[in-house]
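# Commentary on secondary and tertiary structure
Letter by letter, the chains look like this.
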Amino acid sequence: MRVPPLTTCEKEVILEALKSGKRFDFRGLEEFRDVKLVVGSEVGTAICTIGNTKVIAAVSAQIAEPSSMRPHKGVINIDVDLSPLANVSNEHDRLGSKGMELIRLLELIIRDSRCIDVESLCIRAGKEIWKVRVDVRILDEDGSLLDCACLAAITALQHFKRPNVTLEPHHTLIYSEYEKAPVPLNIYHMPICTTIGLLDKGQMVVIDPTEKEAACLDGSIVVACNKRREVCALHQSTNLVLSTKQIERCVKLAMSRAEALTAVVSDVIKQDQRERSAFKRPDGFSVTTPSLILTSGTAAARQINAPRIQHGREPEEKMLYQPSVIVNENPLSVGSVKQEEVDEDALIDEQLSIIQNSVDGVAKEKEMVDDLLDGICDSEEEEVKTEILGSSEPMEVVPVVEQQKDEEDVTSWRKKKKKV
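Residues numbered from 1 in each chain as written. Predicted model: local features only at pLDDT ≥ 70, side-chain atom pairs only at ≥ 80, totals over all residues. Heavy atoms only, no water.

In terms of regular secondary structure, the protein is built from eight helices and 14 strands. Taking all contacts inside the protein whose residues are at least 6 apart in sequence as the whole, residues at least 24 apart take part in 71%. Total accessible area on the protein stands at roughly 30,000 Å², and carbon and sulfur atoms take up 53% of it. (Helix = DSSP H or I, 4+ residues; strand = E, 2+ residues; numbered from the N terminus. Contact = heavy atoms within 4.5 Å. Areas by Shrake-Rupley, 256 points an atom, 1.4 Å probe, with all protein chains shown as cover.)

Here you go:
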């Protein structure tokens, strides 16, 4: 997908602002954007942000066979991925002229400047060497892409540590980080890249141009320097003929920039080393997450406060008519009575009336049972009288003394029987 070019009106407005010494991000013509540098929890990873431009770099190493031309030197390869997320004009797995130029310049600045000791990467001369690979991925693009990519790659190389090895007669032992401490790369210096835009045939200088500003400029010059004030690389993107004074001015600006960024890289690496030496795992890229984003580890959600609204006194007509509105009503609570609406005195009176009715019912049932029992007793007495009156034989009367004697005889007989 092609990016629509800037319109004529936009170009005129940007050029007019630059010629008057003003920029849309409130910077001066010789003022840089803020740089944010973060190293990851894994060694050899770093993220660099310059304004809205963001680049991530990761370094890895593997054992390979050296070339016959350099049998005792290691190899450093640089790979660049222009993600479509950074710019809609980028295509996946296709670098194009822009990507090829970025790779060539990174190789010129890092590998050809000999900032890394490649001889220390040799394990066995002519047989085994360390092959170091630097993967650079563009996450967002808004000008000074080479500066951001170079700074991320240098920081990742400074942060990287290769595994420790031991040479045996017929094989090589590779140790993990838990068995032996990894070995950092031997880096002589850190080349820092600076992009400087040129305007009015090099008469005006624009430091750290954005993407829209770069489209309006006549050209740019890239200067790579280290803190020793040594020029590591120099590249001009246009056919402008610059004088010696103009080039010296650009180099001086790049040298001051290199000293400041070298101190930043050193501080970041030292802080990471202090945390690791204290057996504390660094936060890594988690510090780049905005604090406003809610994650699964957030203790509490953000509180959303609605703006205050002052209501005046409503007229009496509106106050009399207040329609009831039920929001999210529970279907199980339909027909139920709220506790606030219950009258306690009425409830107590109702319970007392229920108890009184139950007591009266029990008393009535008791009277009915007593009447039934009296009727049964009267009927039994009438039957006994009818039997006595209806018998023809005279009744024998047994004296009480004889009954007592018979009872005594029975008891004595039972005692004798027990003794036997």
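Another aspect to go through is the pattern of salt bridges. For the coordinates displayed, the defined rule picks out 15 salt bridges. Residues D79 and R133 are paired through a salt bridge, measuring 3.0 Å at the closest nitrogen-oxygen approach. One end of the pair, D79, is in strand β4 (residues 75–82); the other, R133, is in strand β6 (residues 128–140), with 54 residues separating them in the sequence. The class for D79 is partly exposed, based on a relative accessible area of 32%. Overall, the relative accessible area of 40% leaves R133 in the partly exposed class. Of the charged contacts, one joins R111 and D112 as a salt bridge, the two residues approaching to 3.9 Å between their closest N and O atoms. With relative accessibility at 46%, the residue D112 sits in the partly exposed group. The network of salt bridges with common partners includes D25, R27, R33, D142 and D208. (Salt bridge = Lys/Arg side-chain N within 4 Å of Asp/Glu carboxyl O. Buried < 20%, exposed > 50% of the residue type's maximum accessible area, 1.4 Å probe, protein only.)

Moving on: the environment of M190. Mapped onto the elements of the fold, M190 is located in the loop between β10 (183–184) and β11 (192–199). Judged by its relative accessible area of 11%, M190 is buried. Between the C-alpha atom of M190 and that of S266, which follows or precedes it by 76 residues, the distance is 10.0 Å. Not counting the four nearest positions on each side in its chain, M190 is found in contact with I154, Q158, C225, N226, T262, V265 and S266.

We now examine the sheet that holds β11. Read from one edge to the other, the open sheet built from four strands follows the order β12-β11-β13-β14, with strand pairing classed as antiparallel. Of all the strands in the sheet, the pair left with one neighbour each is β12 (204–207) and β14 (231–236). The mean angle between the axes of side-by-side strands here comes to 25°, regardless of whether they run parallel or antiparallel. Sheet topology places strand β13 (residues 219–225) next to β14; five bridges connect them, and they run antiparallel. Paired with C225 across the bridge in β14 is V231. (Pairing = 2+ DSSP bridges. Axes fitted to C-alpha atoms, helices over the stretch in contact; angles between N-to-C directions.)

In this sheet, strand β2 (residues 45–50) lies alongside strand β1 (residues 35–39) in antiparallel orientation, the contact comprising five bridges. Within β2, the residue paired with V35 across the bridge is I50. What sits between the antiparallel neighbours β1 and β2 is a turn of five residues, in which G44 has the positive phi angle 90°.

Here we come to a nonpolar patch on the surface. Together, I348, L352, I355 and V359 give the surface a local cluster of nonpolar side chains, amounting to about 370 Å² of exposed area. Tracing the sequence through the fold places I348 in helix α7 (residues 344–390). (Patch = residues over 30% accessible without salt bridge, like charges linked within 9 Å, V, L, I, M, F, W, Y side chains within 5 Å.)

All right, on to the side chain of D142 then. Along the chain, D142 turns up in the loop between β6 and α3 (145–159). Taking relative accessible area as the criterion, D142 reaches 18% and is therefore assigned buried. At 3.3 Å, the side chain of D142 forms a polar contact with the side chain of N52. A polar contact is formed between the side chain of D142 and the backbone nitrogen of E211, at a distance of 3.5 Å. When neighbours within four sequence positions are excluded, D142 is seen to be in contact with R33, N52, T53, T210 and E211. (Polar contact = N/O pair within 3.5 Å; in protein donor to acceptor, adjacent residues only side chain to side chain.)

Attention now goes to the nonpolar core. Counting residues in hydrophobic clusters, the biggest one holds 67 residues, and the most contacted among them are L106 and V136. Looking at this core, the element that brings in the most residues is α3, giving eleven residues. Those residues in contact with V136 that sit more than four places away from it in its chain are V55, I56, A57, D79, V80, D81, L106, A149 and A153. Listed in part, the nine residues of the second largest apolar core include L6, L18, L29 and L217. (Core = buried A, V, L, I, M, F, W, Y, C linked by side-chain atoms within 4.5 Å.)

To continue, consider the environment of F32. Here F32 shows up in the loop between α1 (8–19) and β1. Aside from chain neighbours lying at most four places away, what touches F32 is R27, T194, I207, D208, L253 and R257.

Further remarks concern helix α5 (residues 244–277). When the terminal C-alpha atoms of α5 are compared, their 49 Å separation across 34 residues agrees well with the 50 Å that a helix rising 1.5 Å per residue should span. Of the residues one or two after α5, F279 is the one with positive phi, at around 55°. (Expected span 1.5 Å × (residues − 1).)

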